[in-house]
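# Residue-level structure breakdown
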Amino acid sequence: MRQVTRLSSLILGLALGAAALAAQAADEPPVTGRPFQRELNLQPPVTPIASQIYDLHTWMMVVCLVIFVAVFGVMFYSIFKHRKSVGHKAAIFHESTAVEVAWTIVPFLIIIGMALPATKTVVGMKDTSGADITIKATGMQWKWGYDYLKGEGEGISFLSSLATPRAQVGSPGVAPTEARGENYLLEVDNEVVVPVNKKIRLVLTANDVIHAWWVPALGVKQDAIPGFVRDTWFRSDHIGVFRGHCAELCGKEHAFMPVVVRVVSADDYKNWVGLQQAKMLAAADDPNKTWTIAELKARGEQVYNANCVACHQANGKGVPGAFAALDGSPVVNGPKAAHINVLLKGKNSGAFPAPMPPWPQLSDTEIAAVITFTRNNWSNKAAENIVQPAEALAARK
């Protein structure tokens, strides 16, 4: 009896502790589109699919809880009620047709009750027809590239990289020098912007390794696989900013590959599209312009810091065994035609320990600039030390 009392006290204590944590979490200020401390459930859903996932999760937790209580309740009751100390003797029997039929039919019905709504949701996830806007998301180490393929905003293209300052991150053995912000590692320089109440089809692929585009509040998690094109969709019912990140172990910078989706009103989206198109027009350099080496080196340093430094490092030494050093590289110091080809088409072997993804999304001027920068930086002394945008343009053809 004393052991039963202790067990009851333990169960009661656990229940009270869980209730206290739930109450504490309920006192937290609501945070939209990102996780927060002591969160005990899924993020609040903002799309139809996310709502179905949330309901399925709740339903299956209830089913599991009922099964747990029923099975262990019967077990503990039987142990307590029929214990040897009150005179009961163990029954000896081998088969019971009724029991075997029951434990076959009941689990089957439970599985059907869980599988039917889950199947409906999975089928709904795959229905990408009738999309208002189609966006291509390309995973790369370690950023996302976005291209608006169809619908309002068609032609907009940009890269989205981590915006959290490295001073907040620190490094092995070195503490951060800045206080970490509210959206630490969940903020980017260029957000995906979409209109509210519009069906957004997302087409995913990758340049190098497997990545995964995951935003919990939208109910979207889809792998981006090199050489394959996969799609998914979402339609947000709420205006807001919703955050996620790459959900595959894609390399040493995996934690620094967030996804941020900003859902805005129809009018705000039109304004954003107009602004982006104006920016792209202004940034479109004439590939026939002849640049000086100083101009190309200055522009190339910006391109390198935005796109190349994570793998090849600021000192050009790369990461031994993983990412090639550009300082002293035979490719960088060799013929410039081969160097241009590596940037446009990538490279899977040879001087590169890890695959070098292609970078056709860079403009001709950006390709010429970053090549010129690397061929004239560190200890490099390439004979062909300058590349003009027209040469990059010709190599594309």
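Everything below is about the structure shown above.
Residues numbered from 1 in each chain as written. Predicted model: local features only at pLDDT ≥ 70, side-chain atom pairs only at ≥ 80, totals over all residues. Heavy atoms only, no water.

## Considering the overall build of the protein chain
We apply this condition: Per the convention used, a helix needs a DSSP run of H or I reaching at least four residues, while a strand needs a run of E reaching at least two, with both numbered from the N terminus. Throughout, the radius of gyration refers to the C-alpha atoms, and the reference size of a globule is 2.2 Å times the residue count to the power 0.38. Partly exposed describes any residue whose relative accessible area lies between the buried limit of under 20% and the exposed limit of over 50%, with all areas from a 1.4 Å probe on protein chains only and scaled to the type maximum.
Summing up its helical and strand segments, the protein chain has eleven helices and ten strands in all. Here the C-alpha radius of gyration of the protein chain, 29 Å, is well above what a compact globule of 397 residues would show, namely 21 Å. C-alpha extents for the protein chain along the principal axes are approximately 100 × 50 × 45 Å. Going through the 397 residues of the protein chain one by one, you find that 36% of them count as buried.

## Some points on the sheet that holds strand E6 (residues 211–215)
Pairing between the strands of a sheet is mediated by backbone hydrogen bonds and can be parallel or antiparallel. Keep this limit in mind: When DSSP finds two or more bridges between a pair of strands, those strands are recorded as paired. Helix axes use the C-alpha atoms of the stretch in contact, all axes being lines fitted to C-alpha atoms, and the angles between their N-to-C directions lie in the range 0 to 180 degrees.
Taken in spatial order, the five strands make up an open sheet running E4-E10-E9-E6-E7, and their pairing is mixed. Two strands bound the open sheet, and with one partner strand each, they are strand E4 (192–195) and strand E7 (220–224). Pairs of neighbouring strands in the sheet enclose a mean axial angle of 20 degrees, with direction left out of account. Across six bridges, the pairing between strand E9 (residues 240–246) and strand E10 (residues 258–264) is antiparallel. Bridge pairing in E10 links Arg-243 to Val-260.

## Observations concerning the sheet that holds strand E5 (residues 200–206)
Judged by pairing direction, the sheet is mixed, and its five strands sit side by side in the order E3-E2-E1-E5-E8 without closing on themselves. A strand with exactly one partner marks an edge of an open sheet, and here the two such strands are strand E3 (157–160) and strand E8 (230–234). Between one strand and the next, the sheet's axes are offset by a mean angle of 25 degrees, whatever the strand orientation. As paired elements, strand E2 (residues 143–150) and E3 share four bridges and run antiparallel to each other. Directly across from Asp-147, in E3, lies its bridge partner Ser-157.

## Digging into a nonpolar patch on the surface
Using the following cut-off: Two distance rules govern patches: like charges are joined within 9 Å, and nonpolar side chains (Val, Leu, Ile, Met, Phe, Trp, Tyr) within 5 Å, applied only to residues with over 30% relative accessible area and no salt bridge. Working definition of accessibility: Shrake-Rupley area with a 1.4 Å probe, residue cover restricted to the visible protein chains. One speaks of a salt bridge when a side-chain nitrogen belonging to Lys or Arg is within 4 Å of a carboxyl oxygen belonging to Asp or Glu.
A surface patch of nonpolar side chains, about 820 Å² in accessible area, is lined by Leu-65, Ile-67, Phe-68, Val-69, Val-71, Phe-72, Met-75, Phe-76 and Ile-79. Structurally, Leu-65 is set in helix H2 (residues 48–81).

## A short note on the state of the cysteines
Between two cysteines, a covalent bond joining their sulfur atoms is known as a disulfide. Test applied: Pairs of cysteine sulfur atoms within 2.5 Å are what we label disulfides.
Scanning the entire structure with this criterion turns up zero disulfides. No disulfide involves Cys-246; its nearest neighbouring cysteine sulfur is the one of Cys-250, lying 3.9 Å away. What makes Cys-246 buried here is its relative accessible area of 0%. With no disulfide of its own, Cys-311 lies closest to Cys-308 among cysteine sulfurs, the gap being 8.4 Å. The class of Cys-311 is buried, set by a relative accessible area of 12%.

## A word on the pattern of salt bridges
Enumeration over the complete set of coordinates arrives at nine salt bridges. Salt-bridge contacts for Glu-253 lead to Arg-166; the nearest nitrogen and oxygen are separated by 3.0 Å. Of this pair, Glu-253 sits in the loop between E9 and E10 while Arg-166 sits in helix H4 (residues 166–169), placing them 87 residues apart in sequence. Judged by its relative accessible area of 8%, Glu-253 is buried. We note a salt bridge from Glu-253 to Lys-252, for which the minimum N-O separation is 2.7 Å. Note on Lys-252: relative accessible area 47%, which makes it partly exposed.

## Description of the nonpolar core
The criterion, for reference: Nine residue types can take part in a nonpolar core, namely buried Ala, Val, Leu, Ile, Met, Phe, Trp, Tyr and Cys, and a core is a set of them joined through side-chain atoms within 4.5 Å. Any two residues whose heavy atoms approach within 4.5 Å are treated as being in contact.
The biggest cluster of nonpolar side chains holds 38 residues, and the ones touching the most others in it are Ile-135, Trp-144, Tyr-146, Tyr-148, Trp-213, Leu-218 and Val-261. Non-local contacts of Leu-218, meaning those with residues more than four positions away in its chain, are made with Val-46, Thr-47, Ala-50, Trp-213, Phe-234, Ser-236, Phe-242 and Val-261. If you look at the next biggest cluster of nonpolar residues, it comprises 25 residues, including Trp-291, Tyr-304, Leu-326 and Ile-367.

## As for the packing of aromatic side chains
In this description, an aromatic ring pair is defined by two values, namely the gap between the centres and the angle between the planes. Our working rule: In this analysis, rings of Phe, Tyr and Trp, with Trp reduced to its six-membered ring, are considered paired at centre separations within 6.5 Å, and the interplanar angle assigns stacked below 30 degrees, edge-to-face beyond 60, and tilted for intermediate values.
According to the stated counting rule, one finds twelve aromatic pairs in the structure shown. Measuring from ring centre to ring centre gives 6.1 Å for Phe-72 and Phe-76, while their planes differ by 35 degrees; the resulting arrangement is tilted. You can see Phe-72 and its partner Phe-76 sitting in helix H2, four residues apart, about one turn around the helix. Under the relative-accessibility criterion, Phe-72 is labelled partly exposed at 34%. Geometrically, the ring pair formed by Tyr-304 and Phe-373 is tilted, given 5.5 Å between the ring centres and 50 degrees between the ring planes.

## Observations regarding the packing of helix H9 (residues 336–345) against helix H10 (residues 364–375)
Cut-off, in case you're wondering: The labels follow the angle: roughly parallel below 35 degrees, roughly antiparallel above 145, roughly perpendicular from 65 to 115, and oblique for the rest. Helix crossings are classified by the rotation of the near helix relative to the far one: an anticlockwise turn of less than a right angle makes the crossing left-handed, while a clockwise turn makes it right-handed. Throughout, the ten residues Ala, Val, Leu, Ile, Met, Phe, Trp, Tyr, Cys and Pro are labelled nonpolar, Asp, Glu, Lys and Arg are labelled charged, and all others, Gly among them, are labelled polar.
Between H9 and H10, the least distance of the axes is 11 Å, while the angle of their chain directions is 125 degrees. With respect to H10, the axis of H9 lies oblique. Handedness of the crossing formed by H9 with H10: right-handed. Of the residues in H10, those touching H9 at Lys-336, His-339, Ile-340, Leu-343 and Leu-344 are Ile-367, Val-370, Ile-371, Thr-374 and Arg-375. Tallied by class, residues from the contact of H9 with H10 come to six nonpolar, two polar and two charged.

## Topic: unusual backbone geometry
Between Gln-141 and Trp-142 the backbone carries a cis peptide bond, its omega angle lying at -5 degrees. Note on placement: Trp-142 falls in the loop between strand E1 (133–140) and E2. The residue Asn-197 is not glycine, and still its phi comes out positive at about 60 degrees. Tracing the chain through its elements places Asn-197 in the loop between E4 and E5. Non-glycine residue Trp-378 carries a positive phi angle of around 55 degrees.

## Side note on the pairing of E9
E9 sits mainly inside the fold: six of its seven residues count as buried. Two elements, E6 and E9, share two bridges in a ladder whose sense is antiparallel. Looking across to E9, one finds that Trp-214 is bridged to His-245.

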